[in-house]
Amino acid sequence: MVGTAKPSKLNKFEQFKADKDGLAVKDELEKFAQLGWEAVEKNDLEHRLKWVGVFYRPVTPGKFMVRMRTPNGIVTSEQMRLYAEIVQRYGEDGSADITTRQNIQLRGVRLEDIPEIFNRFEQVGLTSVQSGMDNVRNITGSPMAGIDADELIDTRELVQKVQDMITNEGKGNYDFTNLPRKFNIAIEGGRDNSVHAEINDIAFVPAYKDGELGFNVLVGGFFSAKRVAAAVPLGVWVPPNEDVVKICRAILTVYRDRGLRANRQKSRMMWLIDEWGMDKFRSAVEQQMGKSLATATEEDLIDWEKRDHLGTFAQKQPGLNYVGMHVPAGRLWSQDMFDLARMAEVYGSGEIRLTVEQNALVPNIPDENLDAFLAEPLLEKFTLSPKPLERSLVSCTGAQFCNFALVETKQRALALARELDAELEIPNKVRIHWTGCPNSCGQPQVADIGLMGTKVRKDGKTVEGVDVFMGGKVGKEAKLGDRVQKGIACDDLKSTLKDILLEQFDAKPL
Ligand code: SRM
Ligand code: SF4
């Protein structure tokens, strides 16, 4: 369904969506598989396939990326094994990444295999539908949901219900496939804002009202190359029930029908909120819901520092534990995924959880299985206590696979963190986030030190470089960081970072 706000001349994205809804390619996958990717019409290949989570990669033509949906970051061992099998067949081209939205992306996938892969997804309850372009991205929730003794609200069921509403239980839902732009939703149920609520278009954060526990609703958070904005209070409180689904539907409907579409640089929901003001936006949402909403009256309950979940921890269920493993730069190979699946089955309950820091947890490990789990060889690669810089490293995809990238990120980020960890004693964690371009997928604005790829002139040549962001704060009183230095050539970055760490993070040379 196309919204009512029709600009007089459609930009090229609005035009191709009006010509044919992106979701329509769902029924053409067999045909594309037979045609071969080179023969697929350009808009179908480069854009519409993203509506079913299939991303053409101009950097590696013919080797596609598949972006899944992983509600609340929860993956079963069966699903993880399927991921392993899918990428295994692509040899060196086949890998997977844990994303900054606690999700999985598969790499190296051939278009001719998509119909079979999608059948196999369905058999294990997976979907990649509506995971790219003008759709709602993976819905995040606390990776500790249901196992954290200090949890306020278990978000698992709510996250799943919101996803089911948006995607028609994974089958695809034309109601929400033509939003003005991408859209992010997060539902936080813990005390430490594990999902970066403030950078979502809709965020639910736990709060009381009249003695009842529910959520305050924040809206409009986003990052883009042109502008970044933290989410602001809608002024509304909702109970942790079907109303969460209903308000998501109402906000999405208002945004779909009234959101700004003329200029894609000004189409994220915050631009509509700015234009209308919050009162008008709220009444439009209430009108859409067909009832007035309760006004939020209390502060949210986010009062903890953000945890990174790495290590071994007791769960709220007596005798059970979860183990959080560090996955360097979020990169997984098929053997890693086979191992994770097996370990989750043998020692736990067959469940794996992903974090927005691109790491993996295995929950529900009984005390008596813990030693054997900790002796598994995978833990030499995915360690429980990496050194401080590597520990908190986050990196977007970068130039290896992303055509927007101005720099290579993941390998450089890891190499630099390891070198600096070897040369410095750093008393506390320092969260370094790399992002390959101003789109900010690696969220440099939430980091202690954020590095954003750019091009720099050095010795008469154009070379890869970064802008440096600092001051991002997460957890309680989350705050976005600012750009503090511009245009540092990557070759000079080690000494710049060393100075910052020595001067501002109490590091000492080893
Ligand atoms: Fe992103 C576009 C990767 C999280 C803001 N993002 C892209 C594309 C699809 C561009 C492309 O077609 O190549 C990248 C795919 C590269 C690839 O091959 O992997 C890409 N974004 C990613 C991931 C994989 C980074 C990562 O390594 O973890 C994350 C996938 C999350 C997921 O599972 O869905 C990812 N992207 C984010 C986030 C962080 C977040 O959501 O917390 C942001 C900033 C928050 C936001 O959206 O408000 C983000 N991505 C963007 C933007 C800028 C949006 C804007 O309004 O301008 C783009 C470009 C666009 O949409 O035009 C973009
Ligand atoms: Fe690609 Fe830029 Fe996003 Fe990194 S920040 S994944 S380089 S679009």
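Small disclaimer: the values here were computed from a predicted structure and weren't measured. (Residues numbered from 1 in each chain as written. Chains lettered and ligands numbered in written order. Predicted model: local features only at pLDDT ≥ 70, side-chain atom pairs only at ≥ 80, totals over all residues. Heavy atoms only, no water.)

### Regarding the environment of L218
Then, in step 1: Its location among the elements puts L218 in strand β9 (residues 212-219).
Then, in step 2: Looking at L218, the relative accessible area reads 15%, which means it is buried.
Then, in step 3: In this structure the C-alpha to C-alpha distance between L218 and Q400, which are 182 residues apart in sequence, comes to 35 Å.
Then, in step 4: Setting aside chain neighbours within four positions, we find L218 in contact with D201, I202, A203, V205, A231, V232, P233 and L234. (Helix = DSSP H or I, 4+ residues; strand = E, 2+ residues; numbered from the N terminus. Buried < 20%, exposed > 50% of the residue type's maximum accessible area, 1.4 Å probe, protein only. Contact = heavy atoms within 4.5 Å.)

### Side note on the sheet that holds strand β1 (residues 54-55)
Then, in step 1: A sheet is described by the order of its strands in space; here five strands give the open sequence β1-β2-β5-β4-β16, paired in antiparallel fashion. Two strands in the sheet have a free side with no partner beyond their single neighbour: β1 and β16 (331-332).
Then, in step 2: The sheet contact formed by strand β2 (residues 64-67) and strand β5 (residues 104-109) spans four bridges and is antiparallel. Looking at the pairing, M65 lines up with R107 of β5. (Pairing = 2+ DSSP bridges.)

### Quick word on the pattern of salt bridges
Then, in step 1: The full count for this structure, using the stated rule, is 48 salt bridges.
Then, in step 2: For the salt bridge of E46 with K42, the shortest nitrogen-to-oxygen distance reads 3.1 Å. Taken together, the residues span about one helical turn, with E46 and K42 both in helix α3 (residues 42-46) at a distance of four residues.
Then, in step 3: On the accessibility criterion, E46 (25% relative accessible area) is partly exposed.
Then, in step 4: K42 sits in the exposed class, given a relative accessible area of 53%.
Then, in step 5: A single salt-bridge network, built from bridges that share partners, covers K20, E28, K31, E41, D44 and R48. (Salt bridge = Lys/Arg side-chain N within 4 Å of Asp/Glu carboxyl O.)

### Looking at the site of ligand 2
Then, in step 1: Looking at ligand 2, the residues that line it are C396, T397, G398, C402, F404, A405, T435, G436, C437, N439, S440 and C441.
Then, in step 2: Here the shell around ligand 2 is built from residues that sort into six nonpolar, six polar and no charged. (Near = heavy atom within 4 Å. Nonpolar A, V, L, I, M, F, W, Y, C, P; charged D, E, K, R; others polar.)

### Thoughts on the packing of helix α4 (residues 77-88) against helix α5 (residues 114-123)
Then, in step 1: One way to put it is that α4 packs onto α5 with a least axis distance of 10 Å and a crossing angle of 170 degrees. Judged by the angle between their axes, α4 and α5 are roughly antiparallel. Contacts between α4 and α5 involve L82, Y83, E85 and I86 from the first element and I117, R120 and F121 from the second. (Axes fitted to C-alpha atoms, helices over the stretch in contact; angles between N-to-C directions. Parallel < 35°, antiparallel > 145°, perpendicular 65-115°, else oblique.)

### Some points on the domain arrangement of the protein chain
Then, in step 1: Looking at the protein chain, the domain boundaries give domain 1 (10-126 + 310-385), domain 2 (134-307) and domain 3 (390-509).
Then, in step 2: The distance between the C-alpha centroids of domain 1 and domain 3 comes to 26 Å.
Then, in step 3: Contact with domain 1, which involves 17 residues of that partner, is made by 17 residues of domain 3.
Then, in step 4: In total, domain 1 and domain 3 occlude about 1500 Å² of area from one another, counting both sides; carbon and sulfur atoms represent 51% of this. (Domains from an automatic or database assignment. Buried area = accessible area lost by both parts, 1.4 Å probe.)

### Concerning the nonpolar core
Then, in step 1: Counting 56 residues, the largest nonpolar core has L49, Y83, L106, F121 and M325 as its most contacted members.
Then, in step 2: In terms of residue count, the dominant contributor to this core is helix α10 (residues 334-347) (seven residues). (Core = buried A, V, L, I, M, F, W, Y, C linked by side-chain atoms within 4.5 Å.)

### Concerning the site of ligand 1
Then, in step 1: The local shell around ligand 1 holds 31 residues, among which T99, R107, K182, T397 and C441 are the closest.
Then, in step 2: Between an oxygen atom of ligand 1 and a side-chain N or O atom of T99, the distance comes to 2.7 Å.
Then, in step 3: Here an oxygen atom of ligand 1 sits 3.0 Å away from a polar atom, N or O, in the side chain of Q443.
Then, in step 4: Broken down by secondary-structure element, the contributors of at least two residues to the shell around ligand 1 are β2, β5 and β10 (222-223).
Then, in step 5: The residue makeup of the shell around ligand 1, split by class, is nine nonpolar, 13 polar and nine charged. (Polar contact = N/O pair within 3.5 Å; in protein donor to acceptor, adjacent residues only side chain to side chain.)

### Regarding the packing of aromatic side chains
Then, in step 1: Applying the stated criterion across every chain, the model contains ten aromatic pairs.
Then, in step 2: Ring centres of W276 and F281 lie 6.4 Å apart, and the angle between their planes is 50 degrees; this geometry places the pair in the tilted category.
Then, in step 3: A relative accessible area of 0% means that F281 is categorised as buried.
Then, in step 4: Grouped by ring-pair contacts, the aromatic residues F13, F16 and W51 constitute a single cluster.
Then, in step 5: A cation over a ring is seen here: R227 above W271, with NZ or CZ 4.5 Å from the ring centre.
Then, in step 6: A cation over an aromatic ring shows up here: R264 above the ring of F13, its NZ or CZ 4.1 Å from the ring centre. (Phe/Tyr/Trp six-rings, centres within 6.5 Å; stacked < 30°, edge-to-face > 60°. Lys NZ or Arg CZ within 6 Å of the ring centre and 35° of its normal.)

### A few points about the coordination of the iron atom of ligand 1
Then, in step 1: Exactly one protein atom donates to the iron atom of ligand 1; that atom is C441 (SG), 2.3 Å from the metal.
Then, in step 2: Checked against the element boundaries, C441 lands in the loop between β21 (432-435) and β22 (449-458). (Donors = N, O, S within 2.8 Å, 3.2 Å for Na, K, Ca; no water.)

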